[in-house]
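Each chain, written out:
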Amino acid sequence: MEIQKENANIRDNHRRQLAAQFEVKRRLFKALAYDPSLPEEVREANRYKLAKLPRNSSFTRIRNRCIFTGRARGVYAAFRMSRIVFRDLASRGLLNGIKKASW
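Basis of the calculations
- Along each chain, residue indices are assigned from 1 in the same order as the chain's sequence is written.
- Thresholds applied to this predicted model are a pLDDT of at least 70 for local features of residues and 80 or more for the giving and counting of side-chain atom pairs; totals over whole chains, interfaces and linings are not thresholded and use all residues.
- By convention in this description, side-chain values take in all heavy atoms of the structure and omit both hydrogens and water.
- Strands are runs of DSSP state E lasting at least 2 residues, helices are runs of H or I lasting at least 4, and numbering of each runs from the N terminus.
- A simple rule labels every residue: compare its accessible area, found with a 1.4 Å probe on the protein chains alone, to the largest value its type can have, and call it buried under 20%, exposed over 50%, or partly exposed in between.
- Residue contacts follow a heavy-atom distance rule, with two residues in contact if any of their heavy atoms lie within 4.5 Å.
- Salt bridges are defined as contacts in which a side-chain nitrogen from Lys or Arg sits within 4 Å of a carboxyl oxygen from Asp or Glu.
- In these notes, a set of buried Ala, Val, Leu, Ile, Met, Phe, Trp, Tyr and Cys residues joined through side-chain atoms within 4.5 Å is what counts as a nonpolar core.
- To get an axis, fit a line to the C-alpha atoms, keeping to the stretch in contact for a helix; angles then go from 0 to 180 degrees between the N-to-C directions.
- Any angle from 65 to 115 degrees is called roughly perpendicular, while one under 35 is roughly parallel, one over 145 is roughly antiparallel, and all others are oblique.
- Crossings are classed by handedness, with left-handed meaning an anticlockwise turn of the near helix from the far one by less than a right angle and right-handed meaning a clockwise turn.

What am I meant to see in the overall build of the protein here?
Summing up its helical and strand segments, the protein has 3 helices and 2 strands in all. Of the regular secondary structure in the protein, the N- to C-terminal order runs α-α-β-β-α. Each of the three principal axes of the protein carries a C-alpha extent, and together these read 65 × 35 × 20 Å. The 103 residues of the protein split such that 26% are buried. Counted over contacts in the protein with a minimum sequence separation of 6, partners at least 24 positions apart contribute 41%.

Below you can see the structure in the form of structure tokens.
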């Protein structure tokens with residue numbers, strides 16, 4: 001795997017860890033920031049706290065990447081591998097329960 005793609009996988013893994021770490025705080029701040037029954041000062045304070053969380057702790061910044069090649073497109077989320085690697089491993093019979101269709 002190339003250095004750049006390996007670094008991309010490391011960055012993505014770091015984002016996943018941050019998202020898991022800050023998930024509860026982020027959900028709490030979001031719920032309090034957008035609750036119309038609360039006073040505006042409380043909502044504003046929670047919006048500020050939400051903005052102070054690390055950007056990489058947001059789930060929208062997580063990208064599904066192939067664990068073998070680092071490819072970001074055409075990745076099967078269930079297997080965490082790209083379609084190219086999946087096809088290669090399946091044709092060699094290295095994936096349990098997966099068989100190439102032929103009719």
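Next comes the rest of the description.
What is the right way to look at the pattern of salt bridges in this model?
A side chain with one charge may pair with a side chain of the opposite charge, provided their charged atoms come close. One pass over the full model with this rule turns up 6 salt bridges. Of the charged contacts, one joins R16 and D12 as a salt bridge, the two residues approaching to 3.0 Å between their closest N and O atoms. Taken as a pair, R16 and D12 lie in helix α1 (residues 3–33) at a separation of 4 residues, close to a single helical turn. For D12, a relative accessible area of 4% gives the class buried. Here R27 ties to E23 by a salt bridge, and the two come within 3.1 Å at their closest N and O atoms. Note that R27 and E23 are positioned in helix α1 at a spacing of 4 residues, about one turn of the helix.

I would appreciate a short explanation of the nonpolar core in the present structure.
One broad rule of soluble globular proteins: the nonpolar side chains tend to lie buried together. In terms of nonpolar packing, the biggest core is built from 7 residues, these being C66, M81, V85, F86, L89, A90 and L95. Sequence-distant contacts of A90, defined by excluding residues within four places in its chain, comprise L95 and I98. F22, F29, L50 and L53 belong to the second largest nonpolar core, which has 5 residues in total.

When you look at the packing of α1 against helix α2 (residues 40–52) in this model, what are you seeing that I'm missing?
Pairs of packed helices are described in terms of their axes, by the angle between the two and the distance that separates them. The N-to-C vectors of α1 and α2 enclose an angle of 150°; their axes lie 8 Å apart at closest approach. The angle between α1 and α2 places the two elements in the roughly antiparallel class. Remark: the crossing between α1 and α2 carries left-handed chirality. Contacts between α1 and α2 involve R26, F29, K30, L32 and A33 from the former and R43, N46, R47, K49 and L50 from the latter.

All quantities given are derived from atomic positions and should not be read as evidence of function.
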